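Inside the fold
Each chain is listed here by its residues.
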2 protein chains.
Amino acid sequence: MSNAKFVIPPFDQQAAEAARARQAQLTKPAGSLGRLEELAVQLAGITGKVTPEILHKSIIIMAADHGVTAEGVSAYPSEVTAQMVLNFLRGGAAISVLARFTGSRLTVVDVGVASDLPDANGLLKRKIAAGTRNMVQEPAMTREQAWQALEVGVEVVEEEVEQGLDILVLGEMGIGNTTAAAAVACALGGFRAEEIVGRGTGVDEAGWQRKVQAVKRALARANPDPEDPIGVLAEVGGFEIGGLAGAMLAAASHRVPVLVDGFIATSAAMLAAALAPEVRHYFIAAHRSEEQGHGQMLAFLGLRPLLDLGLRLGEGSGAALALPLVEAAAQLHAHMATFAEAGVAERED
Amino acid sequence: MSNAKFVIPPFDQQAAEAARARQAQLTKPAGSLGRLEELAVQLAGITGKVTPEILHKSIIIMAADHGVTAEGVSAYPSEVTAQMVLNFLRGGAAISVLARFTGSRLTVVDVGVASDLPDANGLLKRKIAAGTRNMVQEPAMTREQAWQALEVGVEVVEEEVEQGLDILVLGEMGIGNTTAAAAVACALGGFRAEEIVGRGTGVDEAGWQRKVQAVKRALARANPDPEDPIGVLAEVGGFEIGGLAGAMLAAASHRVPVLVDGFIATSAAMLAAALAPEVRHYFIAAHRSEEQGHGQMLAFLGLRPLLDLGLRLGEGSGAALALPLVEAAAQLHAHMATFAEAGVAERED
């Protein structure tokens, strides 16, 4: 597997222009649907269809553990990763509720959970290792494992595409992964740890200091090259971050829009964009997370979030919450009447 | 009909507290669902139920015309009000699409459209007059008509409550009504016309100046007393604004939450709150409109909008777009597992 695999089709400017022209004919003052008009145009450019439909919706959660938890960076023990995976599958987690609410398929991928998980419907076992190593002390994974993580994401999305896929909602679970995501963002975006590291699931001031120090020490040890995204992933990343990046690239290669969730998913989006910059046209930023630094990461990618609701849960929950807005944008675009169809007078100037 | 009719039950603090306690037990870091947690607590306080369900959803559009269009305040001719009502009923308008998308009942009320409308499914004919008079020259309506407008809103909601109603989405249609709404907001909130008047459906600079002048001249002529909300409605309001205010008060009297749409609906919310201040607990602000001044009106009411998407369409479209967020908040609150139920470890501190 090499970079050559990530062939992203260009954004379809012709479909986008036709969608923009259609928007101007719908029975509303021009521009009055704001961001929803932009979304409709983006969906057209992504899919190459002037009035794309969103019928098949899939939520994929990548789960993995993190050796960096040895540095005391999380308010929760690592066991919670596996416990929450079971909670996702049994229907009790936020993303489980939102999958039902939005009528989306839900798949959880064990790409590197520390403990063994039982077989279960909706669980794909693609474990690369039982968690990463502690990035403060050594590379989180080998380069080969980094490629494997991307490959898992690609394969999972290929399976979804075969079932029909009009939009991809991506999320993650992994105690310690805001620390890895912050390190990835700093390595790729040139940010300082203090600007990016946040409170994650809710560490106190001392915990925040430990997170900042862990990120700084890992980056000082590895000195990763931002021009070598696989090296960044291997040195300071996580299996789920790699899996998400691979999933994003695979979705884009099939002209499927990707709803980017919060802090961790956005670090994966930075990784995917470092591997294939055109993937950014396929991103829809769901929300601005409460997690410090997320806004800067979105700005680095040129993304404007749809929601700003103080969310900081992960699991793809923010992306799932934004999904109805994207669906509404597509429905309005496809099903509103034009001025001519409705016999409504246009503006007088 | 008198103020005494608007008996709003108090916000149920006990149910709200129980909902807050439940939120702390759900399998997520405390507070990580941000505004959605606040929404769940508010819904509990409104309904008096710890885990309220949103099954019956209704969108009511109040439509009326405005004599102030004689001042050249709109980019569209008055005929568009009736044309758009027909578009709502035939399914081609934004709110028609959103009603289908959200599974909501849609009712359009002619509370003062200038022309006669044909009978149609989903249309309630409650015309008080064929549009208001020009508020720049004379009172927009009589005090009796102002009471009638409120009464229309009350009656329509009473009918909805009989069918089952868990949340009310309110919208409006009326060429010229951003001018009336701005005048109502200035009269009740003490704002200056220049801060509140916006571009509406898209007037140019000269049109904006005409709107500002129309609001100023109407307010100078009428000098309405903010302590007399019926007088404000009669002097510078609109039939749909009164109808919306009545609908809000009726919904609150039945412990039904109200999704407040944009600029015009928020002027009606100010009117309702002037009549019965406790109604504010029943409001959920859907979005911050692109229309200038809307943010100040929301702040005056102490409301924080859920969405900020550059919308300025009206029709209840922003409220309908926020509806899935409110539903998701209720679903998450009712259906997520607790830590104990899921066997997930709680935080370590």
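Residues and elements named next belong to chain A. Ordered by their spatial adjacency, six strands build an open sheet running β3-β2-β1-β4-β5-β6, and the pairing between neighbours is parallel. Across the chains shown, the open sheet's two edge strands, defined by having one partner strand only, are β3 (123–125) and β6 (283–285). Going across the sheet, the axis of each strand differs from the next one's by a mean of 30°, ignoring polarity. Relative to β6, strand β5 (residues 258–260) runs parallel, the two sharing three bridges. What sits directly across from V260, in β6, is A285. Together, β1 (57–64), β2 (105–112), β4 (167–173), β5 and β6 form the strand contacts of helix α10 (residues 239–253), whose direction differs from that of β4 by roughly 175°.

What follows is about the nonpolar core. General note: in soluble globular proteins, nonpolar side chains tend to be found buried as a group. Ranked by internal contacts, the top residues of the largest apolar core, which has 287 residues, are L259 of chain A together with L259 of chain B. Among residues more than four places away in sequence, those in contact with L259 of chain B are I167, L168, V169, L170, I284, A286, A319, A322, L323 and V326 of chain B.

This part is about the confidence of the model for chain A. Of all residues in chain A, 98% have pLDDT values of 70 or greater, and the mean over the chain is 96. For this predicted complex, the interface score ipTM comes out at 0.96, alongside a pTM of 0.97.

Another point: the domain arrangement of chain A. Residue and element names in this part refer to chain A. Per the domain assignment, the segments making up chain A are domain 1 (8–52 + 333–342) and domain 2 (57–326). On a C-alpha basis, the centroid separation for the pair domain 1 and domain 2 is 31 Å. When the area that domain 1 buries against domain 2 is broken down by residue, the three leading residues are I8, R35 and I46, summing to 44%. Joining domain 1 to domain 2, the criterion identifies one salt bridge.

Our next topic: the packing of aromatic side chains. Residues and elements named next belong to chain A. This structure, assessed with the given rule, holds two aromatic pairs over all chains. Each ring, one from F191 and one from F300, has its centre 6.0 Å from the other, and the planes form 70°; the classification is edge-to-face. Remark: F300 occurs in helix α12 (residues 294–300) and F191 occurs in the loop between α6 (177–189) and α7 (193–196); sequence separation between them is 109 residues. Relative accessible area serves as the criterion here: at 38%, F300 is assigned to the partly exposed category.

Of all the eight residues making up helix α9 (residues 229–236) of chain A, eight are buried; the element is thus mostly covered by neighbouring parts of the structure. Residues of α9 of chain A that are buried make contact with α5 (143–163), α6, α8 (205–222), α10 and α11 (263–275) of chain A.

A word on the interface of chain B and chain A. If you look at the interface, chain B gives 56 residues, while chain A gives 56 residues. Regarding the contact of chain B and chain A, the summed buried area is about 4600 Å², with carbon and sulfur atoms giving 65% of it. Viewed at the interface, chain A and chain B are joined by zero salt bridges. Inspection of the region where chain B meets chain A yields twelve residue pairs in polar contact (both at pLDDT 80 or more). If you list the elements that add at least two residues to the side of chain B that touches chain A, you get α2 (35–47), α3 (79–90), α4 (94–102), α13 (317–335) and α14 (339–342) of chain B.

Below, the discussion takes up unusual backbone geometry. All names here are of chain A. Positive phi outside glycine occurs at N223, with the angle close to 45°. Within the secondary structure, N223 is located in the loop between α8 and α9. With a phi close to 60°, R255 is a non-glycine residue in the positive phi region. By secondary structure assignment, the location of R255 is in the loop between α10 and β5. R255 sits in the partly exposed class, given a relative accessible area of 23%.

The next thing to look at is the packing of helix α5 (residues 143–163) of chain B against helix α10 (residues 239–253) of chain B. Residues and elements named next belong to chain B. Taken N-terminus to C-terminus, the directions of α5 and α10 make an angle of 45°; their axes are 6 Å apart at the nearest point. Classified by the interaxial angle, the pair formed by α5 and α10 is oblique. Crossing of α5 over α10 shows right-handed handedness. Across from Q145, A149, L150, G153, V154, V157 and E158 in α5, the residues of α10 making contact are F239, G242, G243, A245, G246, A247, A250 and A251. Of the residues assigned to the contact of α5 with α10, the class counts are nine nonpolar, five polar and one charged.

The next point concerns the relation of the copies chain B and chain A. The transform that puts chain B on chain A rotates by 180° and translates by 0.0 Å along the axis, for an RMSD of 0.0 Å. In the structure described here, the two chain copies are related by an operation that fits a two-fold rotation axis.

Before going further, it helps to examine the pairing of strand β4 (residues 167–173) of chain B. All names here are of chain B. With seven of seven residues buried, β4 lies mostly within the body of the structure. Of the strand pairs in this sheet, strand β1 (residues 57–64) and β4 are connected by seven bridges, and their pairing is parallel. Across the sheet, residue I60 finds its bridge partner in β4, namely L170. In this sheet, strand β5 (residues 258–260) lies alongside β4 in parallel orientation, the contact comprising two bridges. Paired with V169 across the strands is L259, a residue of β5.

Residue and element names in this part refer to chain B. Strand order in the open sheet formed by six strands is β3-β2-β1-β4-β5-β6, and the pairing between neighbours is parallel. Two strands in the sheet have a free side with no partner beyond their single neighbour: β3 (123–125) and β6 (283–285). Here the average twist between neighbouring strands, direction ignored, is 30°. Strands in contact with α5 are β1, β2 (105–112), β3 and β4; relative to β2, the strand with the most contacts, it is inclined by about 160°.

All names here are of chain B. The geometry of helix α11 (residues 263–275) relative to helix α12 (residues 294–301) is characterised by a closest axis approach of 10 Å and an angle of 25° between their N-to-C directions. Between α11 and α12, the angle is such that the two are roughly parallel. Along this stretch, α11 crosses α12, giving a crossing that reads as left-handed. Counted together, F263, T266, S267, A269, M270 and A273 of α11 and H294, M297, L298, F300 and L301 of α12 form the full contact between these two elements.

Below, the discussion takes up the pattern of salt bridges. This structure, assessed with the given rule, holds 36 salt bridges over all chains. In this structure, E71 of chain B engages R217 of chain B in a salt bridge whose closest nitrogen and oxygen atoms are separated by 3.6 Å. Here R217 of chain B lies in helix α8 (residues 205–222) and E71 of chain B lies in the loop between β1 and α3, a separation of 146 residues in the sequence. For K125 of chain B, the salt bridge goes to D119 of chain B, with nearest N and O atoms at 2.8 Å. Accessibility expressed as a relative area gives 39% for K125 of chain B, which makes it partly exposed. Owing to a relative accessible area of 67%, D119 of chain B belongs among the exposed residues under this scheme. In the salt-bridge network here, residues are joined through shared partners; they are R35, E38 and R304 of chain A.

Scoring rules and cut-offs
- Residues numbered from 1 in each chain as written.
- Chains lettered and ligands numbered in written order.
- Predicted model: local features only at pLDDT ≥ 70, side-chain atom pairs only at ≥ 80, totals over all residues.
- Heavy atoms only, no water.
- Pairing = 2+ DSSP bridges.
- Helix = DSSP H or I, 4+ residues; strand = E, 2+ residues; numbered from the N terminus.
- Axes fitted to C-alpha atoms, helices over the stretch in contact; angles between N-to-C directions.
- Contact = heavy atoms within 4.5 Å.
- Core = buried A, V, L, I, M, F, W, Y, C linked by side-chain atoms within 4.5 Å.
- Buried < 20%, exposed > 50% of the residue type's maximum accessible area, 1.4 Å probe, protein only.
- pLDDT = per-residue confidence, 0-100.
- Domains from an automatic or database assignment.
- Buried area = accessible area lost by both parts, 1.4 Å probe.
- Salt bridge = Lys/Arg side-chain N within 4 Å of Asp/Glu carboxyl O.
- Phe/Tyr/Trp six-rings, centres within 6.5 Å; stacked < 30°, edge-to-face > 60°.
- Polar contact = N/O pair within 3.5 Å; in protein donor to acceptor, adjacent residues only side chain to side chain.
- Parallel < 35°, antiparallel > 145°, perpendicular 65-115°, else oblique.
- Left-handed = near helix turned anticlockwise from the far one by under 90°.
- Nonpolar A, V, L, I, M, F, W, Y, C, P; charged D, E, K, R; others polar.
- Least-squares fit on C-alpha atoms with pLDDT ≥ 70 in both.

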